[in-house]
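# Report on the structure
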Amino acid sequence: MSRSRVDEKLGFGKSTVLGIQHVAVMYGGAVAVPILIANALGLSPSELTFLISFDLFTCGVVSLIQTLGLGNFAGAKLPALMAISFVVVGPAITIGTNNGGGAEGLTYILGGVIGAGVIVTILSQFAESLVKFFPPIVTGSVVLVIGITLMPVAMENAGGGAGADDYGAGVHLLAAGFTFAVFLLLNNYAKGFLKSIAILVALVVGTIFASFLGLVDPSEVKSASWFAFPTPFHFGVPKFDIAAILTMALVGIIIMVESTGVFFALGEVSGAKVDGTTVKRGLRAEGIGAIFSGIFNSFNHSTFSQNVGLVFLTNVVSRYVVAFGGGILVLLGLVPKIAAVTTMIPSAVLGGAMIPMFGMLMAAAMQMMAKDDLTKASNQLIIGVGVGLALATAGAPEGSFAALPELAEMLIGSGPVVAGLGCFLLNWWLNGANYDPTAEFEQAEADSAEHTA
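The sections below set out a description of the structure shown in this document.

The rules we used
Residues numbered from 1 in each chain as written. Predicted model: local features only at pLDDT ≥ 70, side-chain atom pairs only at ≥ 80, totals over all residues. Heavy atoms only, no water. Helix = DSSP H or I, 4+ residues; strand = E, 2+ residues; numbered from the N terminus. Buried < 20%, exposed > 50% of the residue type's maximum accessible area, 1.4 Å probe, protein only. Contact = heavy atoms within 4.5 Å. Areas by Shrake-Rupley, 256 points an atom, 1.4 Å probe, with all protein chains shown as cover. Core = buried A, V, L, I, M, F, W, Y, C linked by side-chain atoms within 4.5 Å. Expected span 1.5 Å × (residues − 1). Patch = residues over 30% accessible without salt bridge, like charges linked within 9 Å, V, L, I, M, F, W, Y side chains within 5 Å. Salt bridge = Lys/Arg side-chain N within 4 Å of Asp/Glu carboxyl O. Axes fitted to C-alpha atoms, helices over the stretch in contact; angles between N-to-C directions. Parallel < 35°, antiparallel > 145°, perpendicular 65-115°, else oblique. Left-handed = near helix turned anticlockwise from the far one by under 90°. Nonpolar A, V, L, I, M, F, W, Y, C, P; charged D, E, K, R; others polar. Phe/Tyr/Trp six-rings, centres within 6.5 Å; stacked < 30°, edge-to-face > 60°. Lys NZ or Arg CZ within 6 Å of the ring centre and 35° of its normal.

## With respect to the overall build of the chain
Along the chain, the regular secondary structure elements total 20 helices and two strands. Relative to its 453 residues, the chain shows a buried fraction of 55%. Across the chain, every contact between residues at least 6 apart in sequence was considered, and the portion connecting residues at least 24 apart equals 85%. Accessible surface, the chain: about 18100 Å² in total, of which carbon and sulfur atoms supply 67%.

Shown next as structure tokens:
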């Protein structure tokens, strides 16, 4: 298949606006990770400001590596925007607090991130031989679970964001509903370029509307500095602790499973051929990105599902648009004052925009699975059991798996990982290691046509 749509260049103006849309969509989730970790470690407000700037800077650099590539060595060259994964939060807090908290605890986390980056880079070399074990029935199931498990995040934002004193108040739901309605109107009635930036326009209009409800806080913009260049090892020389490295390496492997499904999903919508080589380069970029991120005081990156949903929703699949978003993130990391402007977007407004994006991600997953033979009993069992287990564990009450070892608890607590491992093992067992879904599906259609005739 051709990669022409992925390689399409839309011009500076359109690419910039569409890039800003990607940044607006990912910003809230991206900065949430350093905020959560900083609060748990007891970092000062000034240290948190630096941590967020480093976060944005590294997200931008790694996104450029993933979209533009480092020759044929690294980078999937797909419209995949990279951001700090939420999977990082729990393990990072555990490592940091177990090692004294504060900046000292952070150095142990960063040492783990760098070590994990080296391990992921090495493991990526074997991705090509593993791709055959991930037919559409497996990757589609993983993407479906990603979309489903993200929906509560959207609703949490629509209610005002976790920890809000007035969570669930009518003003938050009104702002979310208004933003959602603006998007639906634009997506249904707008044409051309305006339709492709419907999410961005909805976020801007929704924020203006929310300002009349008293939900917009400009204080962060006033207090932010104008320039801050990211410096390596800002919080101190990283500490390379074996336990921390193994823990963050497991995080990296979890992200690898999620990203593999996302690469195939992006290939599906863009028409680009995604094979073992593509996956290997994409995962290698994640490993290199983690090493770079640890040096520049940040954490492990993943292909951000919110932005994958945006690609499906807008059908703008140019990798250069996402590269523009990466460039904007680099600039935001250098200019905290400008970066702080995006903090004015209320959580409720973000929630109203997230719901259709995650919904489209689930629709895309079903399209992926439809490429396989869904009338086959083994495939139905793979979907039913694999997705069912993932949703059961992801929705289990907090502490349900506390009696298990920490690493096992972390694995079971990630819905996409349970879906990926469960569907992978079931497919291997029920369909065999040499299962070719395309050939079987075509044969089934041929047999059906012959029977009808």
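## Side note on the nonpolar core
In terms of nonpolar packing, the biggest core is built from 64 residues, with Leu 78, Ile 199, Leu 203 and Met 357 touching the most fellow members. Looking at this core, the element that brings in the most residues is helix α16 (residues 347–369), giving 13 residues. Not counting the four nearest positions on each side in its chain, Leu 203 is found in contact with Ala 24, Val 25, Thr 179, Ile 345, Val 349, Leu 350 and Ala 353. The next biggest cluster of nonpolar side chains, apart from the first, holds 46 residues, and it includes Tyr 27, Ala 92, Tyr 108 and Ala 116.

## Observations regarding helix α9 (residues 198–212)
Helix length check: α9, at 15 residues, gives a terminal C-alpha distance of 21 Å against a target of 21 Å (1.5 Å per residue), a fit within 8%. Along α9, the residues that are buried comprise Ala 198, Ile 199, Leu 200, Ala 202, Leu 203, Gly 206, Thr 207 and Ala 210. A positive backbone phi angle near 80 degrees is found at Gly 214, which sits one or two residues after α9.

## Side note on a nonpolar patch on the surface
Taken together, the side chains of Val 118, Ile 122, Leu 123, Phe 126 and Ile 253 present a nonpolar region at the surface, about 420 Å² in accessible area. Among the elements that take part in the nonpolar patch, helix α4 (residues 102–123) stands out by supplying three residues, more than any other.

## Section: the packing of helix α6 (residues 136–158) against helix α17 (residues 377–394)
Remark: α6 packs on α17, axes separated minimally by 10 Å, with the N-to-C direction vectors making an angle of 30 degrees. Our classification of the angle between α6 and α17 gives roughly parallel. α17 is crossed by α6, and the crossing has right-handed handedness. The residues of α17 that touch α6, namely those facing Ile 137, Ser 141, Leu 144, Val 145, Ile 148 and Thr 149, are Asn 379, Ile 382, Ile 383, Val 387, Ala 390, Leu 391 and Ala 394. Residues of the contact of α6 with α17, tallied by class, amount to 10 nonpolar, three polar and no charged.

## Considerations on the packing of α6 against α16
Between α6 and α16, whose axes approach to 8 Å, the crossing angle comes to 165 degrees. Overall, the two elements α6 and α16 adopt an arrangement that is roughly antiparallel. Read as a crossing pair, α6 and α16 show a hand that is left-handed. Counted by class, the contact of α6 with α16 contains 19 nonpolar, eight polar and no charged residues.

## A look at the packing of aromatic side chains
Under the counting rule described, the total for this entry stands at eight aromatic pairs. Measuring from ring centre to ring centre gives 6.1 Å for Phe 54 and Phe 235, while their planes differ by 90 degrees; the resulting arrangement is edge-to-face. Of the two residues, Phe 54 sits in helix α2 (residues 45–68) while Phe 235 sits in the loop between α10 (219–223) and α11 (242–270), which places them 181 residues apart along the sequence. Residue classification places Phe 235 among the buried residues on the basis of a relative accessible area of 11%. Each ring, one from Phe 178 and one from Phe 209, has its centre 4.0 Å from the other, and the planes form 15 degrees; the classification is stacked. Here the residue Phe 178 occupies a position in helix α7 (residues 170–189), and Phe 209 occupies one in helix α9, the gap between them amounting to 31 residues. The class for Phe 178 is partly exposed, based on a relative accessible area of 28%. On the accessibility criterion, Phe 209 (24% relative accessible area) is partly exposed. A cation over a ring is seen here: Lys 9 above Tyr 320, with NZ or CZ 5.0 Å from the ring centre. A cation over a ring is seen here: Arg 284 above Phe 73, with NZ or CZ 4.5 Å from the ring centre.

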